[in-house]
Amino acid sequence: MMDQLGIKALRPGPSGNEKAPKHANYDESKANPFPDLPDALTLQSDKKVRTATEWWQERRPEIVEDFEREVFGRVPPNVPKVTWTVTSTVKSKAGVFPVIEKQLVGRPDNSSYPSISVDMQMTLVIPGNANGPVPVMMMFSSAAFRQRMAEMMAKQPELNAMMGTDPPATEQLIAHGWGYAFIDPGSIQADNGAGLRKGIIGLTNKGQPRKPEDWGALRAWAWGASRGLDYLETDKAVDAKRVGIEGVSRFGKAALVTMAFDSRFAVVLVGSSGEGGAKLHRRNFGEAVENLTGSGGYHWMAGNFLKYGAAEASFGNKNAGDLPVDSHELIALCAPRLTFISYGIPEKGDAKWLDQQGSYMATVAAGPVFRLLGAKDLGVTDDYHAAKMPPVNVGLLEGQLAWRQHEGGHTDAPNWKYFIPWADGFLNYHAAVWQLPADQPVFRTDPNSLVAHSQLLRKAKQGETDVYFEGDSITRRWGATDYPELLANWKQNFFGWNAADFGWGADQTQNILWRLENGELDGVHPKVVVLLAGTNNVANTSVHDDADVRADDVTRGLRAIVRVIQTKAPAATIILTGLFPRNDDMSFMPVIDRINGHLSKLADGQKVRYLNINDKLADRDGRLFDGMMNARDKLHPTVKAYQIWADALKPVLAELLGPRGAVELAPPPTGDPGASP
């Protein structure tokens, strides 16, 4: 290729090792040697683009041509047709969720060159409760890669800190009513230079070397994703107008390229893509153009891209400033469709090498195109020169163009909980509701609850917790910083017993089970666990069975929670508190009474104690006494009611723990991470 281009020598790329003599620049004062980007809304004739029609008919084709010719290469006109075959269909599970899984193989016609065959591998997974076509998120991933990651995580648990504490993206998607598809990029085109005479590039070239404008692996992977979408358009279980594409690192680059060149994709999640993806080529910070023209990355790009790393050539030399386009225009090619740029932080492994700031500048610079086409951008200044990233964990998610830097590492895992609701909102998608039994552990899908879970995991590792309170909002509010009056009552009653509150609002028994099974009680070793839960199951209006059936279901959930507590904290005494009366709907009271009757039978009077204070909160018919519950919702206790609960608990705690100490060793109280300051 260098001979074809007249290149005699290439500049070496900077090293990612900061101790190396020629390491990458990380000095912001030297980061912008080419401060002005090509204007995405100025034609090559210098005419300004002022209408959507001018964008679609004039400017966008210019940008596409430049990217194809100079950066990613062209899909050849002789690329063969792909025939997809479903090799298996099975009922399976994604976590606890029933799914239908299809394995597929896509075979490009190789009759023109039989010595090279390509078997493109794709897996499609659809939620088992779907009552119609569902959105699908296609992800660049292979079974071998997922297996290696699982093995690495098992051998190196510290990697979990990089990934975060959320459920896997696949389970979150299914929980939200999405399907997902894995497409194996290596089955389309090998991720190395030696493979350029094989795979789909080799097949179309009949085993011969590439020419300067021929495609590289990034464009080939994107082409393969588009062929996967061809199949999805034929599958009646898939809503083909709501198909997205996702990838991380080099596959984040491929996801962005896919979205830019195939307007059928509705949404993209671009994870930690760096140079060749969302990062500006013109930025001298971290990875550079020369790293992509060198031996490690040249196969991703068109042959012509080598010109921009040339130190000595028949045409002189070129650098990033000579490129006719930059990454902000690649992002702009996605407009006005949903485009989410995701990064992590260097401290957790998303290296400075990726230039998060340069990617943010590119995202800001793409904004005018989104606005021209009637979409909303990041909502910040047009001046990409001065654009500074928002703080970590502060997402700019109000528009079709979105940005969020999470506190994890080289992954987009912590951003899925934000990405899915963001996409749901703009796609106007409302999924079928999952109905799972009360003893089936399942996570909450809202971002705030998953953030709260991560906070409670950290809380579990702090201090010394002798009394562990578990439950829903009734439990949570008592020891939460966002309810100062209730917290004062909590401290008044329990200071010195090392009590910590691990309740979370709106949880059903399924959610509490999931939290407990996913680390919130691990290593805590409490002496007493106070449990009050189940009222949100009673209020689940999607369950229409009679009182006995509903009471049995909730009891099974509470029994499962007791079993988990006994397994994880075998030395603890459990104080199983009867569900409190509630008057927001009096039809709930017969169910509550039946549940409490069942709970009383779970107690053995020793390791499991049953506590019921309802006769002090309401009359025999369950009608609340004045001042016991919040007047607005008739569900949440007032300070007066909490004091009644405390008065019933304190003799038991004194019996089990002795008198209160003079100091408090429990972790400090936490609050609602989504609450306004």
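Residues numbered from 1 in each chain as written. Predicted model: local features only at pLDDT ≥ 70, side-chain atom pairs only at ≥ 80, totals over all residues. Heavy atoms only, no water.

Here's the deal with the nonpolar core
Judged by nonpolar contacts, the single largest core of 123 residues is most densely connected at Leu232 and Phe419. Residue contributions to this core peak at 10 residues, all from helix H7 (residues 217–232). For phenylalanine 419, the contacting residues outside a window of four places in its chain are Met137, Val267, Val268, Leu269 and Phe340. The next biggest cluster of nonpolar side chains, apart from the first, holds 35 residues, and it includes Leu521, Leu531, Ile574 and Leu599. (Core = buried A, V, L, I, M, F, W, Y, C linked by side-chain atoms within 4.5 Å. Buried < 20%, exposed > 50% of the residue type's maximum accessible area, 1.4 Å probe, protein only. Helix = DSSP H or I, 4+ residues; strand = E, 2+ residues; numbered from the N terminus. Contact = heavy atoms within 4.5 Å.)

As for the pairing of strand E11 (residues 401–405)
Counting buried residues in E11 gives five out of five residues, a clear majority hidden from the surface. Burial along E11 is two-sided: the face carrying Leu401, Trp403 and Gln405 and the face carrying Ala402 and Arg404 are both buried. Where strand E10 (residues 338–343) and E11 come together, five bridges link them in parallel fashion. Bridge assignment links serine 342 to a residue of E11, and that residue is arginine 404. Between the parallel pair E10 and E11, the chain is carried across by helix H11 (residues 356–372), and the sense of this crossover is right-handed. (Pairing = 2+ DSSP bridges. Right-handed = clockwise from strand over helix to strand, strands pointing away.)

Some details on the sheet that holds strand E3 (residues 97–108)
Reading across the sheet, the nine strands line up as E2-E3-E4-E6-E5-E7-E8-E10-E11 and stay open at both edges, with mixed pairing between neighbours. In the strand order of this sheet, the two ends are held by strand E2 (82–94) and E11, each with one partner. Averaged over all pairs of adjacent strands, the angle between strand axes in this sheet comes to 20 degrees, irrespective of strand direction. This element, H11, spans E10 and E11 of the sheet and lies at about 165 degrees to E11. (Axes fitted to C-alpha atoms, helices over the stretch in contact; angles between N-to-C directions.)

A few points about the packing of aromatic side chains
Tallying each qualifying case throughout the model produces 32 aromatic pairs. Centre to centre, the rings of phenylalanine 340 and phenylalanine 419 are 5.7 Å apart; their planes meet at 75 degrees, and the pair counts as edge-to-face. On the criterion of sequence distance, the pair formed by phenylalanine 340 in strand E10 and phenylalanine 419 in helix H12 (residues 416–427) is long-range, its members being 79 residues apart. When sorted by exposure, phenylalanine 340 lands in the same class as phenylalanine 419, which is buried. Judged by centre distance (5.1 Å) and plane angle (75 degrees), the ring pair of tryptophan 478 and phenylalanine 494 falls under edge-to-face. With tryptophan 478 in the loop between helix H14 (473–476) and helix H15 (484–494) and phenylalanine 494 in helix H15, this pair connects stretches of sequence that are 16 residues apart. Assessed through its relative accessible area of 0%, tryptophan 478 is described here as buried. Residue class for phenylalanine 494 comes out buried when judged on its relative accessible area of 2%. Of the aromatic side chains, those joined through ring pairs into one cluster are Phe469, Trp478, Trp490, Phe494, Phe580, Tyr642 and Trp645. The ring of phenylalanine 261 has arginine 219 lying over it, and the distance from NZ or CZ to the ring centre is 3.8 Å. (Phe/Tyr/Trp six-rings, centres within 6.5 Å; stacked < 30°, edge-to-face > 60°. Lys NZ or Arg CZ within 6 Å of the ring centre and 35° of its normal.)

Quick word on the sheet that holds strand E13 (residues 499–501)
Spatial ordering of the open sheet is given by E13-E12-E14-E15-E16, a layout of five strands whose pairing is parallel. The outermost strands of the open sheet, each flanked by one partner alone, are E13 and strand E16 (608–611). Neighbouring strand axes in the sheet, compared pairwise and without regard to direction, differ in orientation by 20 degrees on average. Here strand E12 (residues 467–471) runs beside E13; their pairing, made up of three bridges, is parallel. Across the sheet, valine 467 pairs through a bridge with alanine 499, a residue of E13.

Focus: the side chain of arginine 515
Note that arginine 515 resides in helix H16 (residues 509–520). Setting aside anything within four residues of it in sequence, one finds arginine 515 in contact with His453, Leu456, Glu470, Gly471, Phe502, Gly503, Trp504, Asp507 and Glu520.

A short note on helix H13 (residues 447–460)
The end-to-end C-alpha distance of H13 is 20 Å, a good match for the 20 Å that 14 residues give at a rise of 1.5 Å each. Most of H13 sits inside the fold, with 11 of its 14 residues counted as buried. Within H13, burial applies to Pro447, Ser449, Leu450, Val451, Ala452, His453, Ser454, Leu456, Leu457, Lys459 and Ala460. Contacts from the buried residues of H13 go to helix H5 (169–175), H12, E13 and H16. (Expected span 1.5 Å × (residues − 1).)

Topic: the packing of helix H2 (residues 52–72) against helix H8 (residues 250–261)
Relative to each other, H2 and H8 sit at 140 degrees, their axes nearing to 12 Å. At the point where H2 passes H8, the crossing takes the left-handed sense. Across from Arg60, Val64, Phe67, Glu68 and Phe72 in H2, the residues of H8 making contact are Val257, Ala260 and Phe261. (Left-handed = near helix turned anticlockwise from the far one by under 90°.)

Considerations on unusual backbone geometry
Residue proline 336 is reached from alanine 335 by a cis peptide bond, and omega for that bond is 0 degrees. Position of proline 336 relative to the elements: it lies in the loop between helix H10 (327–332) and E10. Of note in this structure, asparagine 393 is not a glycine but carries a positive phi near 70 degrees. Tracing the backbone shows asparagine 393 in the loop between H11 and E11.

A few points about the pattern of salt bridges
As enumerated under the stated definition, the model contains 43 salt bridges in all. Across the pair lysine 417 and aspartate 166 runs a salt bridge whose closest N-O atoms are separated by 2.6 Å. You can see lysine 417 sitting in helix H12 and its partner aspartate 166 sitting in the loop between helix H4 (160–163) and H5, a full 251 residues away along the chain. Like aspartate 166, lysine 417 is buried. Note that aspartate 647 and lysine 650 form a salt bridge whose closest N and O atoms lie 3.9 Å from each other. Of this pair, aspartate 647 and lysine 650 are both found in helix H20 (residues 639–657), three residues apart, which corresponds to roughly one turn of the helix. You can call aspartate 647 partly exposed: its relative accessible area is 42%. By relative accessible area, which is 23% here, lysine 650 ends up partly exposed. (Salt bridge = Lys/Arg side-chain N within 4 Å of Asp/Glu carboxyl O.)

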